[in-house]
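# Coordinate inspection notes
Chain by chain, the residues:
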Amino acid sequence: MEPAVDRKAGIPEVINVDKKNKGKSILNSQDISPDVEVGMSTTDQPWGLLNSSSNRTLNPSRNSSSLPRAVVEVVSSAQSNFLRDFKRFDTVEDFSDHHYASKGKASKQHSRTWVKKIQADWKILENDLPEAISVRACESRMDLMRAVITGAEGTPYHDGLFFFDIHFPDTYPSVPPMVHYHSGGLRINPNLYECGTVCLSLLGTWYGNTRENWLPQESTMLQLLVSIQALILNQKPYFNEPLLEWTKWTPLGQPCSKIYNENVFILSLRTMVYIMRKPPKHFEEFVRSHYFVRAHDIVKAANAYIDGAPVGSIVKESRETSSVNFRIEVAVFMKTVVDEFVKLGVKELEDILEPPPPLIHPNSSR
């Protein structure tokens, strides 16, 4: 099946990206009082602190630790402060793990037009990236770039991190950049293939009308990244499939979309585990801090789904309910997700995860 035709995305509002990210360990960036107990993590993470916990803990009364309360507050603020100060755009020196690393070398000479266009893209990204997108460009290999997009609330991708490697061919901007998705072998969207291919008319990997294709004099990397965020990682990705888009207005379309979203959320959880175990270069601490801070919210959402809430919503009063099979799958796989959160140093998770629902409605299963 082929993915849907995309539409031209708008440009987001200007975001202040003046915050300084010095690239240091988050421990070194904190002024920790000498009377607060700080310890090494039991995992291999050098930034672990004793009794670490998210500042969005669901049930603080479960904390039975005898350590001072100040420890929890310092640890949570360390992760949050790192994310707050993490620059949306920055340059790096080495991209040895980049998907397109073999397509060029640092000594390669490029045309003045190519260099000016990429420098213009860098400037736009530095000034205008939305909060949910971060980018690293390579100074020694200007043809390489890496971006991460955080899944938006209300979508089956919420709280997830989705990475893309970008390569600018010699003929850029006459042709669009090449983009590879870090799939981990998972198909989470009709437009994102297991092999890493990203199908989008803006990339020339899918057909579209003239205004939807790459326009050398107008199109930018910011437009491309926002298009992936808004048009691919959206609320109802089932309808990205062009052969199924028309069913959106039929009685069959919405139920099928709901089932697809359930499958996508399970795959999104698997993607979380994949990224936590193998974070891309230059985003290692970003990945750890992101999931450290959001761990309790992810468990909270999973518990709501286990209780029957539809994907993308944790409002129990919703008329829709999730399928029994989905609720069981979430409960089972969340044990693996929680194990990864615990390795990051997150506490108080095992006891708050809901058990699988009883199989009392077999006719409602998928």
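Think of each chain on its own: its residues are numbered from 1, step by step along the sequence as written. Owing to the predicted nature of the model, reporting of local features is limited to residues with pLDDT of at least 70; listing and counting of side-chain atom pairs is limited to 80 or more, with chain, interface and lining totals taken over all residues. Computation of side-chain values covers all heavy atoms of the structure but excludes hydrogens and water.

The helix and strand labels rest on DSSP assignments: H or I over at least four residues marks a helix, E over at least two residues marks a strand, and numbering proceeds from the N terminus. Looking only at helices and strands, one finds six helices and five strands in the protein chain. Pairs of residues are marked as contacts when any of their non-hydrogen atoms sit within 4.5 Å. The contacts in the protein chain between residues at least 6 apart in sequence include a share of 69% that link residues at least 24 apart.

What follows concerns the side chain of H167. With respect to the helices and strands, H167 occurs in strand β4 (residues 161–167). To sort residues, take the accessible area from a 1.4 Å probe on protein chains only and compare it with the maximum for the residue type: under 20% means buried, over 50% means exposed, and anything in between is partly exposed. Since its relative accessible area comes to 7%, H167 is described here as buried. Any pair of N or O atoms that falls within 3.5 Å is considered a polar contact. Within protein, one atom must be able to donate a hydrogen and the other to accept it, and sequence-neighbouring residues count only if both atoms are side-chain atoms. Engagement of the side chain of H167 in a polar contact is seen with the side chain of D143, the distance being 3.2 Å.

So, about the confidence of the model for the protein chain. Here the protein chain averages 80 in pLDDT, while 75% of its residues score no lower than 70. Note on scores: pLDDT gives the predictor's confidence for each residue, bounded by 0 and 100. Confidence drops under a pLDDT of 50 for residues 1–75, and excluding neighbours within four residues, the segment shows 145 contacts in the predicted structure.

Turning next to the packing of aromatic side chains. Side-chain rings of Phe, Tyr and Trp, where Trp is taken by its six-membered ring, are said to pair if the distance between their centres is within 6.5 Å; with planes under 30 degrees apart they count as stacked, over 60 as edge-to-face, and otherwise as tilted. Tallied over the entire structure, the rule returns 16 aromatic pairs. Seen from their ring centres, F164 and Y181 are 5.2 Å apart, and the 40 degrees between their planes marks the pair as tilted. Here the residue F164 occupies a position in strand β4, and Y181 occupies one in strand β5 (residues 178–181), the gap between them amounting to 17 residues. By relative accessible area, which is 0% here, Y181 ends up buried. With a centroid separation of 6.1 Å and an interplanar angle of 45 degrees, the aromatic rings of Y305 and F326 are classed as tilted. On the criterion of sequence distance, the pair formed by Y305 in helix α5 (residues 284–306) and F326 in helix α6 (residues 324–343) is long-range, its members being 21 residues apart. Each member of the aromatic cluster is reached from another via a ring pair, and the members are F82, F86, F163, F283 and F286. Here the basic side chain of R187 rests over the ring of Y193, its NZ or CZ set 3.9 Å away from the ring centre. Two conditions define a charge located above a ring, namely a distance within 6 Å from the ring centre to NZ of Lys or CZ of Arg, and an angle within 35 degrees of the ring normal. Sitting over the ring of F333, R270 keeps its end group 4.4 Å from the ring centre.

For the rest of this paragraph, the subject is the pairing of strand β3 (residues 144–150). Counting buried positions over the seven residues of β3 gives seven, a clear majority of the element. With burial as the criterion, each face of β3 is covered, one bearing L144, R146, V148 and T150 and the other bearing M145, A147 and I149. Taken together, the five bridges between strand β2 (residues 133–138) and β3 define a ladder with antiparallel strand orientation. Directly across from A137, in β3, lies its bridge partner M145. The pairing criterion is simple: DSSP has to find at least two bridges between the two strands. Counted between consecutive antiparallel strands, the loop separating β2 from β3 contains five residues. Inspection of the sheet shows β3 paired to β4 by seven bridges, in the antiparallel sense. Its bridge partner lying in β4, A147 is registered against F164.

A few words on helix α2 (residues 112–128). An α-helix turns once per 3.6 residues; consequently, residues spaced three or four apart project the same way. Between the first and last residue of a helix there are one fewer steps than residues, each counted as 1.5 Å, and that sum is the expected span. Across its 17 residues, α2 extends 24 Å between first and last C-alpha, which sits within 8% of the 24 Å expected from 1.5 Å per residue. Within α2, burial applies to W114, K117, I118, D121, W122, L125 and D128. Angularly, the buried residues of α2 cover 165 degrees about the axis, an arc narrow enough to put them on a single face. In α2, those exposed residues whose orientation departs by more than 90 degrees from the buried face are R112 and K116. On the buried face of α2, the contacting elements are β1 (89–92), β2, β3 and α3 (221–232). This arc corresponds to the set of directions leading from the helix axis out to the C-beta atoms.

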